[in-house]
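# Observations on the model geometry
So the chains spell out like this:
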Amino acid sequence: MPSQPVRIAYIAGYGRSGSTILDIALGQHAALVGAGEITSLTQHVWRNNEYCACGKAIRDCSFWSSVLREWSNGHHSGLMEEYCALQQKFEGLSMVTKLLSGIGLGKQFSLYTRHTKRLFSAMHSCSGRQMIVDSSKLPGRAMALAQVPGIDMRVIHLVRDGRGVAWSLLKGYERDITSGLQKEIKPKSVFRTALRWSMVNLAVEYLSRKLGPERVIRVRYEDFASDPVAVMGKIGAFLELDLSRVGTSLQNGEAMGPGHQVAGNRLRMNTSIALNKDETWRARMPARQQISFQRLGGWMLRRYGYL
């Protein structure tokens, strides 16, 4: 008898759009394991022994240690390096080009699918949960995962007003390992953010058309923060889970505790996390910078109801 497919709730979109807090919120449900940006696990989190949201270095985390032990069992010592190379090849935006052109993905992609399926199966087994939340955001990774046999993926396209994203990315941060900042974050220009925010969200829309409306749902972060009961109800119906209790808890201002999220926003390292709309950009972002974003990304802002 064939094994049941591994169920994944994949959060796609651009950075600084609230994916980490949505991941943590979904992880409050007993059927879901919030795992963070899983794409980073094998690329740098394990290699650099970065921190899990549970507060322990990844190699000391009982969950991830069990996952990696089960995943690597019976395979050569260079498995992680091999898989990283496959991720670089198949999880970028180049997957859009490959799928658009109909180029065959070849034997290397078959190897990628086997390693990926085994990794998610190990997470499913070690967590004992029904569904894994992957907030890697990358549309290319979502496109790759959609081709993996034995994976049942549902995509949550998370959108935030690009001007708020740009305002957040204008601020830089020093490296602080224990607080979840594994490297220095340099400020990003409004022009760069507007261009990339538009491109990434368009790529997710292409993915949406390819997968069909039954497998993709769009959520605005501002709506999630303003009315978590309604948005959690919408996501719950999409994932076929009752998320009403989580939505009510968020609506009442109750704090959440993180699970085993890797990478992502540094807020995952807080022991108590509250949902926050965070629209300080409206008052503090200079008008010229807002206008600069709108010149390039205004058509996308209108598309998502922000203008």
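Above this text sits the structure in question.
Criteria and cut-off values
Residues numbered from 1 in each chain as written. Predicted model: local features only at pLDDT ≥ 70, side-chain atom pairs only at ≥ 80, totals over all residues. Heavy atoms only, no water. Salt bridge = Lys/Arg side-chain N within 4 Å of Asp/Glu carboxyl O. Helix = DSSP H or I, 4+ residues; strand = E, 2+ residues; numbered from the N terminus. Buried < 20%, exposed > 50% of the residue type's maximum accessible area, 1.4 Å probe, protein only. Pairing = 2+ DSSP bridges. Axes fitted to C-alpha atoms, helices over the stretch in contact; angles between N-to-C directions. Contact = heavy atoms within 4.5 Å.

The next subject is the pattern of salt bridges. Across all of its chains, the model carries 11 salt bridges by this definition. As a salt-bridge pair, Lys137 and Glu37 come within 2.5 Å of each other at their nearest N and O atoms. One end of the pair, Lys137, is in strand β3 (residues 131–137); the other, Glu37, is in the loop between β2 (32–34) and α2 (39–45), with 100 residues separating them in the sequence. Here the two residues Lys137 and Glu37 agree in accessibility, since each one is buried. In this structure, the salt-bridge partner of Arg141 is Asp134, at a minimum N-O distance of 2.9 Å. Both residues of the pair, Arg141 and Asp134, count as buried. Residues joined by salt bridges that share partners form a network here, namely Glu91, Asp134 and Arg141.

Time to look at the sheet that holds β3. What the 5 strands build is an open sheet, ordered β2-β3-β1-β4-β5; its pairing is parallel. Edge positions in the sheet fall to β2 and β5 (216–220), since each has one partner strand and no second. In this sheet, adjacent strand axes meet at a mean angle of 25 degrees when their direction is disregarded. Note that β2 and β3 share 3 bridges and pair parallel. If you follow Val33 over to β3, its bridge partner there is Ile132. On top of the sheet, helix α11 (residues 228–239) reaches β1 (6–13), β3, β4 (151–159) and β5; it is set at about 170 degrees to β5, its chief contact.

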